[in-house]
Amino acid sequence: MPHRHPLTRRTLLDFRKGLLSRREFLSRATALGLAASGAASLAGLAGMPVPAAAGPAIAQGGTLRIQHNVKALRDPRAYDWSEMGNLTRGFLEYLVEYQSDGTLQGMLAERWSVNDDATRYTLHLREGVRWSNGDAFTASDVAHNIARWCDTDFPGNSMSGRMSGLIDPHTGQLDTNALHIEDPHTLTLQLSAPDVTLIANMSDYPAAIVHPGFDGEDPFAHGIGTGPFRPVEMIVGERCVLERRRDHPWWGSNLLGGPYLDRV
C-alpha cells in the first residue's frame, strides 16, 4: 500500500506535524509515485480538486497570441531561460509535468515507483505515443535522453547537475549500471545515492524529451516531437509560430483533452 512506503510515511508525518505545507506534501508524495488523488486522500485533504476527465465541452479552433520574448534556441538540456522551454513545449514534451497545486502529473511517463530509500526508480511509459515523424516512442528514447542529461562534458548542460546519482564520476557520463530497459515501455534507474528530487527535476524546462535523431542544434528546425503542435516559423526577437498537428491524433487528447487551439 502506498502509505507503507517509508518515505511517504515520513512525509505524511511531517505534514501532520505542520512541518510541511499542503503544497510541499503533495509535491513530495507525488514525486514518490502517488497519484494526486491518492496523496490527497492519504493526507485527509477532503475537497481537494482533482483534474476532470476530458470532455467535448470546449470548442476547438482559433489562434492564441502571446506577448513573449523569442530567444534563440539551443539544445534543450542547455536551456537557460524558461522562455526557451515555452517556445518548444508545444512539440517537445516532458516525462512529468509540475501542476499549479504542487503535484507532479505523469505525461510521457504514465506512472513511476520508488524503492524504500529512493535509490531505485521504475518508470512506466505511456503506450501508443508516436513521434511526429511516425516513429514509436519507447523506453530506448527515454534512455537516450537520460544519457544526454548525464553528459557532463556538454557545455551548459544544466541537467547533469540534477542527475548526479546516475553519473559515473570517473567518466562524467551515464553509469553503465544505472539504467536498465525492462521492456519497450519500462525502464529502471539505479542511483548511487538517495534522491527524492529526481522526478521533480524531470519536469523542469531543460528536461524536454528529444527524438534520437536530434543533432543537438536548433530543436525548432529539427521539429520532431511528441506534442500536439508543430513548429512553423521562428524569427529570433520577433515571433514564433506553432500550429496544431493534423497528421495523426495526439496521445493526450482522450486523457487531458485538446489540443483546442489551431495556432499559437
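As the structure is a computational prediction, the values presented were derived from the model and not from experiment.

A look at the side chain of Arg244
You can see Arg244 is positioned in strand β10 (residues 239-244). Accessibility expressed as a relative area gives 14% for Arg244, which makes it buried. Leave out the neighbours within four places in its chain, and Arg244 touches Gln60, Pro228, Phe229, Pro259, Leu261 and Asp262.

Re the nonpolar core
In this structure, Leu95, Ile146, Trp149, Leu187, Leu189 and Met202 are the most contacted members of the largest nonpolar core, which totals 56 residues. Looking at which element gives the most residues to this core, the answer is helix α5 (residues 139-149), with 5 residues. Look past the residues within four positions of Met202 in its chain and what remains in contact with it is Tyr94, Leu95, Val96, Leu123, Trp149, Met163, Leu189 and Ala207. Formed by 9 residues, the second largest nonpolar core is a distinct cluster that contains Leu12, Phe25, Ala29 and Leu34.

Description of the side chain of Asp195
By secondary structure assignment, the location of Asp195 is in the loop between β8 (186-190) and α6 (198-201). Lacking a salt bridge, the buried Asp195 has Arg162 as its closest oppositely charged neighbour, with an N-O distance of 10 Å. Once residues lying within four places of it in the same chain are set aside, the contact partners of Asp195 are Ala118, Tyr121 and Arg162.

A few points about the environment of Gln60
Considering the arrangement of structural elements, one finds Gln60 in the loop between α3 (36-42) and α4 (82-88). Along the chain, Gln60 and Pro259 lie 199 residues apart, while their C-alpha atoms are 7.5 Å from each other. The residues touching Gln60, leaving out its near neighbours within four places in the chain, are Arg244, Pro259 and Tyr260. Within polar-contact distance, the side chain of Gln60 engages the backbone oxygen of Pro259 at 2.7 Å.

Focus: the environment of Ala207
Considering the arrangement of structural elements, one finds Ala207 in the loop between α6 and α7 (219-222). Classification of Ala207 as buried rests on a relative accessible area of 0%. C-alpha of Ala207 to C-alpha of Gly252: the two residues are 45 residues apart in sequence and 19 Å apart in space.

Looking at the layout of surface pockets
Estimated volume of the largest pocket: approximately 1000 Å³. Along its surface, the largest pocket is lined by 34 residues, and Ile66, Asn86, Gly90, Leu242 and Val264 are the ones closest to its centre. Of all the secondary structure elements, the ones that give two or more residues to the lining of the largest pocket are α4, β1 (96-98) and β10. Class assignment for the residues of the lining of the largest pocket results in 19 nonpolar, 8 polar and 7 charged.

Looking at the sheet that holds β8
Taken together, 4 strands build an open sheet; the order of strands is β3-β4-β8-β7 and the sheet is antiparallel. Pairing within the sheet leaves two strands with one partner each, and these edge strands are β3 (109-114) and β7 (179-183). The sheet shows a mean angle of 20 degrees between the axes of neighbouring strands, direction not considered. Looking at chain direction, strand β4 (residues 120-125) and β8 are connected through 5 bridges and run antiparallel. Looking at β8, one finds that Tyr121 is bridged to Leu189.

A few points about the pattern of salt bridges
By the definition in use, this model includes 14 salt bridges. Between Asp75 and Arg148 there is a salt bridge, with its nearest N and O atoms 2.3 Å apart. With a gap of 73 residues between them, Asp75 in the loop between α3 and α4 and Arg148 in helix α5 connect regions that are remote in the sequence. Its salt-bridge partner being Glu243, residue Arg230 comes within 3.0 Å of it at the nearest N-O pair. Taken as a pair, Arg230 in strand β9 (residues 229-235) and Glu243 in strand β10 lie far apart in primary sequence, 13 residues in all. Exposure remark for Arg230: the relative accessible area of 41% places this residue in the partly exposed category. Taken together, the shared-partner salt bridges connect Asp75, Arg77, Arg148 and Asp151 into one network.

Calculation criteria
- Residues numbered from 1 in each chain as written.
- Predicted model: local features only at pLDDT ≥ 70, side-chain atom pairs only at ≥ 80, totals over all residues.
- Heavy atoms only, no water.
- Helix = DSSP H or I, 4+ residues; strand = E, 2+ residues; numbered from the N terminus.
- Buried < 20%, exposed > 50% of the residue type's maximum accessible area, 1.4 Å probe, protein only.
- Contact = heavy atoms within 4.5 Å.
- Core = buried A, V, L, I, M, F, W, Y, C linked by side-chain atoms within 4.5 Å.
- Lys, Arg positive; Asp, Glu negative; His and termini not counted.
- Salt bridge = Lys/Arg side-chain N within 4 Å of Asp/Glu carboxyl O.
- Polar contact = N/O pair within 3.5 Å; in protein donor to acceptor, adjacent residues only side chain to side chain.
- 1 Å grid on protein atoms, 1.4 Å probe; cavity = no way out; pocket = protein on both sides within 12 Å on 5 of 7 lines; lining within 4 Å.
- Points joined across faces, edges and corners; volume = space filled by probe spheres on them.
- Nonpolar A, V, L, I, M, F, W, Y, C, P; charged D, E, K, R; others polar.
- Pairing = 2+ DSSP bridges.
- Axes fitted to C-alpha atoms, helices over the stretch in contact; angles between N-to-C directions.

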